[in-house]
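# Report on the structure
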Amino acid sequence: MQALLALEDGSVFKGEAYGATGERYGEVVFNTGMTGYQEVLTDPSYCGQIVVMTYPLIGNYGIMKEDFESKKSYVRGFVVREQCTLPSNWRFSETIGSFLKKEEVIGLAGIDTRALTRHLRSYGTMRGVISTETTDERELVERARNSPYLSGQELVPAVATTEIYTYPGVGRRVVLIDFGAKLNIIRCLLDRNCEVVVVPPDTSAKKIFELYPDGIVLSNGPGDPVNVPYAIETLRELIAAGKKPMLGICLGHQILGLAMGARTYKMKFGHRGANHPVKDLETGRVYISSHNHGFSVDEESLKGLDIYVSHRNLNDGTVEGLKHKFLPVFSVQYHPEASPGPRDSEYIFDQFLEKMNGEAR
Amino acid sequence: MPLKKGIKKVMVIGSGPIIIGQAAEFDYAGTQACRSLREEGLEVVLINSNPATIMTDANMADRVYIEPLTQGFVTRVIRQEKPDGLLPTLGGQVGLNLALQLAESGVLAEEGVQLLGTPLEAIKRAEDREMFKDMLQSIGEPVPESVIVSTFEEAEEFAGKIGFPLIVRPAYTLGGTGGGIAYNMDELYATVTRGLKHSIISQVLIERCVVGWKEIEYEVMRDSADNCITVCNMENIDPMGIHTGDSVVVAPSQTLSDREYHLLRSASLKIIRALGIEGGCNIQFALDPGSYQYYVIEVNPRVSRSSALASKATGYPIAKVASKIAVGLTLDEIKNAVTGKTYACFEPSLDYVVLKYPRWPFDKFARGDRTLGTQMKATGEVMAINRTFEGALLKAIRSLEIGLDSLSLPGAGEIRGEELERRLANADDERLFLVAEGLRRGMTVEHIYKITGIDRFFLDKIAGILSLEEEVRHAAKKGDLPAELLEKAKKFGFSDAHLAGLTGLDRLEIRSLRKERGILPAFKMVDTCAAEFEAQTPYYYSSYDREDEAEPTTNRKVAVLGSGPIRIGQGIEFDYCSVHSVWALREEGIEAIIVNNNPETVSTDFDTADRLYFEPLVPENVLNILDREKPEGVIVQFGGQTAINLAKPLEQAGVKILGTSVEDIDRAEDREKFDSLLIDLGIPKPPGRTAFSVDEAAVIASEIGFPVLVRPSYVLGGRAMEIVYNNDELLSYMASAVKVTPEYPVLVDKYLFGKELEVDAVSDGEEVLIPGIMEHIERAGVHSGDSTAVYPPQSLSREVKDLVVDYTVRLARALKVKGLINIQYVLHGGKVYVLEVNPRSSRTVPYLSKITGIPMINLATRAIMGRTLKEMGYEGGLYPEGKVVGVKVPVFSFAKLLQVDISLGPEMKSTGEVMGVGDDFKLALYKAMVAAGSMFPKKGTVLATIADRDKKEVLPIIRGLIDLGYKICATSGTAAALREAGLPVEQVMKVHEGSPNIVDLIRANKINLVINTLTKGKAPERDGFQIRRTAVEYGIPCLTSLDTIRVLLDVLAEDMENKETRLVPLQEYLQ
């Protein structure tokens, strides 16, 4: 079946539909990871987005249940050059096509994804509509233009938990504020023997303190950080209390920045992939890291604040990590939990553990 | 970190001659290294014995020493040059071994030379099997369990612990005789007892067998600040059990999930850190296809063939970055040359599929053992890039130049069922084609997976190609090839020629059909970052996709066609020529476009030409590029026969061939036309004609008299060429070697016994410059590529030289050569005859350029572009002879090719060459022989088995050897002849005469040198073959040409080893 992807600037890409049928709008972004499509599909941070994979062969090793990063897929569309119908790997249980169908995600294959990526790189991420229902290109472009922007959408509530639940552990108790957390953040904490209490994004500071955490982790999540003002407020209270070690990841990092008084901005096309070099400014070491962000903390806005830049992207100089000057509070823009991508930055979790253990104060 | 302190002058060790397993990739690496170091303002001293390399050009390093890569010579260069640092990790295993020797001998410490890059300890940890195992175990990385046993009981105990299958390898046997895989206790008993018997020291190594597991490689880099990255990973389509150099390899991995990918990536970083490598390394893993279990198989602590492949596959210049790391820079300080914006501290992201396919020499060695295993047999490789796996695979097959454009192997249909199964299980060079054949016959993917271990993913892909073939065939049968189907097939990667074969249409018909329908390729860029950043490298590949990125410039431009994969007969020399042509064009201000598909070479480095197209060298792909780029013409002279063969189809498509015209090329290559040209010019050639039947061949032979040189007319380069001495031999040749038909006639020429001379000349269309005449040591009849060549000639009279010059000038003028011409002559009975004319650059051009100092390719390219020799500062005629003597000696890879006869003849067998330079012939010859790895004993026993026709000629040689103190052994016939001449000789038994016979003596290490001349078509041939093979396998020098032995005698007579002369760098002797 034919399907179309129309962009707000009038470009139209024609391909074959696979997965679900119908029509969805979303922000069109590209990811440069060569493996990890399944982790991308189930990363809640992609909620509201139509994802283009730059690697041309997707689905080669199928879908495996234990590699999910959340219970379901939140992407609005999945655009590839070629989807594999005959995957091969000892663990796979189904094809990407059947997975997308179940998850009601529209897949679009047969696209010159490099051309589309170059377009997005040159003109920036933009709104798009993916449809199996119409062949009217002009109409579809119109719909893309009229679709909502990513900013302003209530995406976090759509992906985050609404209830508190706990993963047992014998070590430190960590409260994870869930903005759309990837499961591997929880796995990384559990690997370090933590007890992880996952709380909804709108949980109050008071409520969090009542859980007697040893540390607080602010998870990744979708959309514009300014669209979760309640969390920014909560965070201010948590920081003001000044006791608990805190680690922000991705959206959590941005929210932390906002809570400290920094500004964030929307990047032209963001960072999505598994090959970004990030320099730890305190050690001078460079780590290859997993990224998925379309917003960034504005370095200019840090002047005079109690936080400073701890990590920086070697490619474009963007802020990739923040540290509080006095408190055990820090954050990274990228994904130390990997999945997909390199595991080189798991030391961030170790540092968080050290802070909880009071060793590194 | 800035440059290391105190390092101003750096020495780089090259890898020497091309042999199987060590090819052009080290010229690529070394060239990058030299440039990279000089970029940092360092003075570079280079030593390499291989003249056919870009790295040994005078402008690559400040001081270039073309000297043997032995501890002695390298030490002398070090003492002479006193470098501050030594970079050993770019010259392959040769460079690495030398560095270890130099360190151990104390020379480095004495001269205060710092070893740069990876520390010695790290090299040892990776190279020493035991240390390697210990190190991996200490960091918790698994290695296959192994044990050395001397009794079956010990083996049984190990098997009880580890389980089956197990690999059994006898210690100290050659070619793995007596080893094997055991799947149960009975088999283990059989293999271990046999192995113990074969092993000289009665020991066998037993190791967990991971045959059939996935073979995955990672290219890893680390700097002195401990920053680590992986450049790329690669998956071998052929699973564990086949040498990675003989495997079809795809990048990136296709069947690993993110977890598996990063499981092995994390392990790679851990290993490179534990080793302490500063630079690059290659790590090989075996991964269980059914679990997360893996083993570390090998680490190469240096740049390698795989790193060259990874560099070309990703655009990340590993050798260049490794060199900078070696002198102290860190990854985050080194710019990414591709984007120009980002840094070398990142991991490339590919948005295409890369496939590497090995090129084997079995077209040359029809009787060679074709099975693939742990010993690499390929001489070269091709790489293909596409947006689909199928497209990359099919491009690779086209690039191989084996006459195929799909997975259909002619004759495969006739292979019997069991035979097919057997060959699928025991892989040989045709396995992927046989997989296709199996699928066509209805074997299931599951079944083929079970017997080959090739992942189902790849098998399904091949099945997909076959089913699309069926679809096209079906449509064509109905007389219709719908545009959608054509487009689908093109997107999939089918070539026009492939489609022509399926539809019965002509290749050009398909081409015009798809052009009519607007089905055109798009050229995409290799940019290291999957389009995330704007890139500046003009490195392209084609695919059938929407957007074309190769916006042509409006500059004046010319395309140069490269020479494809390295194979016997077409080696690195032609890459040298292509690169120099590109440089000459750029010097002239003309944009140079290069088309090639060999990932090992300098020509496919992304900054060699203004634009690089990584594509098959077949008419369709080349024409597509030319359609897009519209250059003013194409240069075909420098890419060997590959490029020359493209001249005709390109011209027919309306492309302008620059330099010598296609018509004139044809006049030199077409036998009839060439003969009549020679008659017109009054230049003699050996008598002979074309025979269209066996009878006719016999008639011609009796007319011109034996011996005659016979060869099929339709192949070039000496394939299936033989010298026959009588009618029986002729008939047996006609029966076995060729099928003579009116369509494929056979050439029968008089074999003229005499000295062979060779000339390369540059012509601007008027004037003809002959840089020099080369004299071959081995008489005509030995392929010129396998001959020892000497410049300047040592034994030619003024008259002969004048005649050679006169013929060369007249031939070049008559053929209206613009550019290069190569001519081979034979001097017979005081008369000069023409043997062969090649209107293109030849194998000897780099050697001759280097020893004469005449930039032949540069002049030829500029002549092609319209400059006169005069303008460029040269005159016609023979260039004055230089003072130094250069000897070129061929190098063979026989030890790696079982069942291949090593005797020299009209068929070329060498894989590489070295050059020796000296004030006189003997010194130059000595150095060349040392460089070629010939270890001639100063005393000991010589085994002589000489053909009857050579017995008279051999006498003075044997006498000479006896005078030098050698003892002579010979079999009955030769012994009798020697005794008759009054020479002392010990008679030994022939193979069939019982034990101990000659082969036993060689095995028992009682022979130090073998002299064996060839007897054809008789029973002893087998004896001779066995003697020669045994000698090669036991590393004993074996000479089959009396001419070689004669000059060797001169060298042996003088004590060259202790002749301490100053070594002269290229830059000095060219002045």
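Basis of the calculations
Residues numbered from 1 in each chain as written. Chains lettered and ligands numbered in written order. Predicted model: local features only at pLDDT ≥ 70, side-chain atom pairs only at ≥ 80, totals over all residues. Helix = DSSP H or I, 4+ residues; strand = E, 2+ residues; numbered from the N terminus. Rg over C-alpha atoms; globule rule 2.2 N^0.38 Å. Buried ≥ 20, exposed ≤ 12 C-beta atoms within 10 Å, placed from the backbone. Contact = placed C-beta atoms within 7 Å. Pairing = 2+ DSSP bridges. Axes fitted to C-alpha atoms, helices over the stretch in contact; angles between N-to-C directions. Nonpolar A, V, L, I, M, F, W, Y, C, P; charged D, E, K, R; others polar. Right-handed = clockwise from strand over helix to strand, strands pointing away.

### Points about the overall build of chain A
The number of helices and strands found in chain A is 10 helices and 19 strands. A compact globule built from 361 residues would reach a C-alpha radius of gyration of about 21 Å, and chain A, at 20 Å, matches this within 12%. For the C-alpha atoms alone, the extent of chain A along its principal axes is close to 60 × 45 × 40 Å. Expressed as a percentage of the 361 residues in chain A, the buried residues total 61%. Long-range contacts, defined here as pairs at least 24 residues apart, represent 74% of the contacts in chain A between residues at least 6 apart.

### Considering the overall build of chain B
Of the regular secondary structure elements, chain B holds 36 helices and 40 strands. For 1071 residues, the compact-globule estimate of 2.2 N^0.38 gives 31 Å, and chain B sits close to it at 29 Å. Referenced to the eigenvectors of the C-alpha coordinate spread, the extents of chain B come out at roughly 75 × 75 × 70 Å. The buried share among the 1071 residues of chain B stands at 57%. Contacts in chain B between residues far apart in sequence, at least 24 positions, make up 70% of those at least 6 positions apart.

### Notes on the sheet that holds strand 17 (residues 522–525) of chain B
Residue and element names in this part refer to chain B. Here seven strands make up an open sheet; going across it, the order is 17-18-21-20-19-22-23 and the pairing mixed. Because the sheet does not close on itself, it has two edges, and the strands there are strand 17 and strand 23 (657–658). Looking at chain direction, strand 22 (residues 634–635) and strand 23 are connected through two bridges and run parallel. What sits directly across from Val634, in strand 23, is Ile657. The strands touched by helix 21 (residues 619–629) within the sheet are strand 17, strand 18 (539–543), strand 19 (557–561), strand 20 (591–596), strand 21 (611–614) and strand 22, with strand 19 carrying the most contacts at an inclination of about 170 degrees.

### Examining the environment of Lys524 of chain B
In this fold, Lys524 of chain B is placed in strand 17. Judged by local crowding, Lys524 of chain B falls into the buried class, with 26 C-beta atoms found within 10 Å. Once the C-alpha coordinates of Lys524 of chain B and Tyr544 of chain B are considered, the two residues, 20 residues apart in sequence, prove to be 9.7 Å apart. Sequence-distant contacts of Lys524 of chain B, defined by excluding residues within four places in its chain, comprise Arg114 of chain A together with Tyr352, Tyr540, Tyr541, Ser543, Asp545 and Glu549 of chain B.

### As for the sheet that holds strand 24 (residues 688–691) of chain B
All names here are of chain B. Strands sit in the order 24-27-25-26 across an open sheet of four strands; the sheet is antiparallel. The sheet terminates laterally at strand 24 and strand 26 (722–724), the two strands that pair on one side only. Neighbour-to-neighbour, the strand axes of this sheet turn through a mean angle of 25 degrees, independent of strand direction. Pairing geometry for strand 25 (residues 708–712) and strand 27 (residues 746–750), over five bridges, is antiparallel. Along strand 27, the bridge assignment pairs Leu709 with Asp749. Packed on one face of the sheet, helix 26 (residues 727–736) meets strand 25 and strand 26 and runs near 145 degrees to strand 26.

### Some details on the interface of chain B and chain A
Chain B puts 44 residues into the contact, and the matching count from chain A is 40 residues. When contributions to the side of chain B that touches chain A are tallied by element, the ones reaching two or more residues are helix 9 (258–275) and helix 16 (456–477) of chain B. Examining the composition of the side of chain B that touches chain A, we find that six residues originate from one element, helix 9 of chain B, more than from any other. Along the lines of polarity and charge, the residues of the side of chain B that touches chain A split into 17 nonpolar, 11 polar and 16 charged.

### Quick look at the pairing of strand 2 (residues 43–47) of chain B
Residue and element names in this part refer to chain B. For strand 2, a buried count of four out of five residues is recorded, marking the element as mostly surrounded by other parts of the structure. Of the strand pairs in this sheet, strand 1 (residues 9–13) and strand 2 are connected by five bridges, and their pairing is parallel. Bridging across to strand 2, Met11 finds its partner in Val45. Traced from strand 1 through helix 1 (residues 25–39) to strand 2, the parallel crossover comes out right-handed. With three bridges connecting them, strand 2 and strand 3 (residues 63–65) associate as parallel partners. Among the inter-strand pairings, Val45 is bridged to a residue of strand 3, identified as Arg63.

### Let's talk about the pairing of strand 32 (residues 831–838) of chain B
Within a regular beta strand, the side chains point alternately toward one face of the sheet and then the other, so they alternate between its two faces. Residues and elements named next belong to chain B. Looking at chain direction, strand 31 (residues 818–828) and strand 32 are connected through seven bridges and run antiparallel. Bridging across to strand 32, Gln824 finds its partner in Glu836. Where strand 31 hands over to strand 32, the hairpin turn is made up of two residues, of which Gly829 adopts a positive phi near 55 degrees.

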